[in-house]
Each structure stands twice: as structure tokens, then as C-alpha cells.
Amino acid sequence: MEATLEKNYEEKHAGLEGAKMGMWLFLFTELLLFGGLFAAYAVFHSVYAKDFEIAHHHLNRTIGFINTLILITSSFTMAMGVWSAQTNRKKLLNIFLLLTILLGVTFLVVKLTVEWPVKFHEGLYPGGKEFNHLIQEGHKGQALFFSLYFMLTGLHGLHVLVGVLVLTGILIMALREKFSSEYYGPVEVSGLYWHLVDLIWIYLFPLFYLIK
């Protein structure tokens with residue numbers, strides 16, 4: 001009996017380590033993707049420094065800061081969710097997963113219903129009236145800034161959405177009591193992904209909202 005239990009534990013442990021390794025490899029490819037985009041931003045910023053500084057004033061720094069606080073808080077609740085799973089606190093796991101999901105949804109709602117609509121109303125999006133006007137007036141750097149803004153924040157928003165969907169699946173499993181202190185791999189692996197999403201935003205916020 002003890003040999004069987006030990007074998008099951010070793011199999012679960014090996015499965016968790018394999019899943020974590022797979023997630024780390026995936027996160028590495030994501031870092032390469034965003035790293036390339038950050039490098040492109042740095043190059044264009046060095047060329048059009050003045051235009052970038054002017055353009056960033058069209059962004060709402062307060063909203064950007066609020067969204068930053070939302071994601072930082074969600075990273076904390078996700079970490080607490082992993083801890084709850086590891087220590088077999090099933091009710092707390094459900095609560096922290098739900099809080100993380102709600103914070104992620106709040107981030108998307110703020111971005112899609114508060115911040116982005118303002119830019120569309122102003123025509124400051126690729127193909128928009130004011131965007132095209134900037135190009136015609138020779139302010140290509142400002143137009144490039146908004147192109148990068150929508151590209152990077154849009155890609156990041158897509159990652160947040162994927163994270164919310166994944167965590168919703170994890171929450172459903174948690175409600176069915178699929179996790180315990182002996183089996184919590186999916187919670188920990190999904191937590192790694194969520195922390196990457198938060199980390200990327202921490203880099204995006206100063207790039208677009210705190211230009212000096």
C-alpha cells in the first residue's frame with residue numbers, strides 16, 4: 001500500500017515538474033515575442049523621442065495607474081490561490097481564483113469600455129481621421145506611437161483574456177474539489193502564466209504612460 005502511494009506521489013510530482021517546464025518554455029517564447037516588440041519601441045522612441053512625448057499626453061495616466069493596481073492585486077490573489085491549493089484550503093482557493101478572474105475582467109472592461117473608446121472617438125487609431133491627419137502633417141512619430149500602443153496593449157489584452165478563460169476552467173475544477181495539497185499542478189502552472197501577464201503590463205505602463 002505504501003509503495004503504491006509513493007509511486008502515485010512520484011508520478012504526480014513528475015507530472016507537475018513536466019507541466020512547469022513546459023509552461024516555462026512557453027513563457028520564454030512569450031518573452032521573446034514581447035521583447036522584440038519592446039526593442040522595436042525603443043528604436044522608434046529614440047528616433048521620434050519628441051513625437052512620442054507629445055503623443056503620450058493623449059493617454060490617461062490615472063486610468064493606466066488604476067489598471068496597474070488592478071493587475072498587481074490580481075497577481076497577489078493568484079499567488080494566494082496557489083498557496084491555498086498547496087495547503088489544502090479549498091474554500092480559500094475558490095475565493096482567490098474568483099477574485100483573480102474578477103480583477104482580470106475589470107482590467108479588460110476598463111481598457112475596452114473606458115480607455116480605448118476615447119482614442120476611437122478622437123480618431124487616434126490606425127486608419128482614424130486624426131491618425132491620418134498626423135501622418136499628413138508630418139508627425140509620423142506620433143502616429144507610430146499610437147500604432148505601437150494599440151498593438152502592444154491589444155496583444156496584452158488578448159493574453160489577459162486567455163488567462164481569464166484558463167482560470168475560469170481552473171475555478172470550475174476547484175469547485176468540483178479536483179485539487180488538494182497532493183495535486184495542485186494546474187493551479188500553479190496557470191499562476192505562472194498570470195504572473196507573466198502582470199509583468200508585461202508593468203513594463204507597458206511606463207513605456208506608454210510615463211514618458212519623459
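Residues numbered from 1 in each chain as written. Predicted model: local features only at pLDDT ≥ 70, side-chain atom pairs only at ≥ 80, totals over all residues. Heavy atoms only, no water.

## Let's talk about the packing of aromatic side chains
Move 1: Tallied over the entire structure, the rule returns 16 aromatic pairs.
Move 2: With centroids separated by 5.4 Å and ring planes inclined at 80°, the aromatic side chains of phenylalanine 52 and phenylalanine 145 adopt a geometry described as edge-to-face. Here the residue phenylalanine 52 occupies a position in helix H2 (residues 49–55), and phenylalanine 145 occupies one in helix H6 (residues 140–175), the gap between them amounting to 93 residues.
Move 3: Here phenylalanine 52 falls in the buried class, since its relative accessible area comes to 0%.
Move 4: Members of the aromatic cluster, joined through ring pairs, are Tyr41, Phe52, Trp116, Phe120, Tyr125, Phe145, Phe146, Tyr149, Phe150 and Phe208. (Phe/Tyr/Trp six-rings, centres within 6.5 Å; stacked < 30°, edge-to-face > 60°. Helix = DSSP H or I, 4+ residues; strand = E, 2+ residues; numbered from the N terminus. Buried < 20%, exposed > 50% of the residue type's maximum accessible area, 1.4 Å probe, protein only.)

## Regarding the environment of phenylalanine 145
Move 1: The exposure class of phenylalanine 145 is buried, given its relative accessible area of 0%.
Move 2: Sequence separation between phenylalanine 145 and histidine 56 is 89 residues; the distance between their C-alpha atoms is 7.9 Å.
Move 3: With near-sequence residues (within four places) excluded, phenylalanine 145 lies in contact with Tyr41, Phe52, Ala55, His56, Leu59, Phe208 and Ile211. (Contact = heavy atoms within 4.5 Å.)

## Here we look at empty space enclosed by the protein
Move 1: Scanning the model with the defined rule gives 1 cavity of 30 Å³ or more in all.
Move 2: Of the voids in this model, the largest cavity is the one considered here, and its volume is about 30 Å³.
Move 3: Lining the largest cavity are Lys90, Leu93, Asn94, Ala174, Glu177, Lys178 and Phe179.
Move 4: The element that contributes the greatest number of residues to the lining of the largest cavity is helix H4 (residues 90–122), accounting for 3 residues.
Move 5: Its residues assigned to classes, the lining of the largest cavity shows 3 nonpolar, 1 polar and 3 charged. (1 Å grid on protein atoms, 1.4 Å probe; cavity = no way out; pocket = protein on both sides within 12 Å on 5 of 7 lines; lining within 4 Å. Points joined across faces, edges and corners; volume = space filled by probe spheres on them. Nonpolar A, V, L, I, M, F, W, Y, C, P; charged D, E, K, R; others polar.)

## Some thoughts on the packing of helix H5 (residues 129–136) against H6
Move 1: Axis separation between H5 and H6 bottoms out at 7 Å; the angle between their running directions is 145°. Along the contact surface, H5 presents Phe131, Leu134 and Ile135, while H6 presents Lys140, Gln142, Ala143, Phe146 and Ser147.
Move 2: Among the residues making up the contact of H5 with H6, the classes are represented as 5 nonpolar, 2 polar and 1 charged. (Axes fitted to C-alpha atoms, helices over the stretch in contact; angles between N-to-C directions.)

## Here we look at the nonpolar core
Move 1: Leu97, Phe145, Val187 and Phe208 are the most contacted members of the largest nonpolar core, which has 54 residues in total.
Move 2: Listing elements by their share of this core, those giving two or more residues are helix H1 (2–47), H2, helix H3 (61–86), H4, H5, H6 and helix H7 (185–209).
Move 3: Top contributing element to this core by residue count: H6, with 14 residues.
Move 4: For phenylalanine 208, the residues in contact, after removing those within four places along its chain, are Tyr41, His56, Leu59, Phe145, Leu148, Tyr149 and Leu152. (Core = buried A, V, L, I, M, F, W, Y, C linked by side-chain atoms within 4.5 Å.)

## Observations concerning the packing of H6 against H7
Move 1: Following both chains from N to C, one finds H6 and H7 inclined at 160°, their axes separated by 10 Å at the closest point. On the basis of the axis angle, H6 is roughly antiparallel to H7. Note that H6 runs across H7; the crossing there is left-handed.
Move 2: Across the contact of H6 with H7, the residue classes break down as 20 nonpolar, 5 polar and no charged. (Parallel < 35°, antiparallel > 145°, perpendicular 65-115°, else oblique. Left-handed = near helix turned anticlockwise from the far one by under 90°.)

## What about the confidence of the model for the protein?
Move 1: Chain-level pLDDT for the protein is 90 on average; 91% of the residues reach the 70-or-more range.
Move 2: The secondary structure element of the protein with the lowest average pLDDT is H1, at 74, and the one with the highest is H3, at 97.
Move 3: Note on residues 1–9: pLDDT under 50 across the span, and 0 contacts to partners over four residues away in sequence or across chains. (pLDDT = per-residue confidence, 0-100.)

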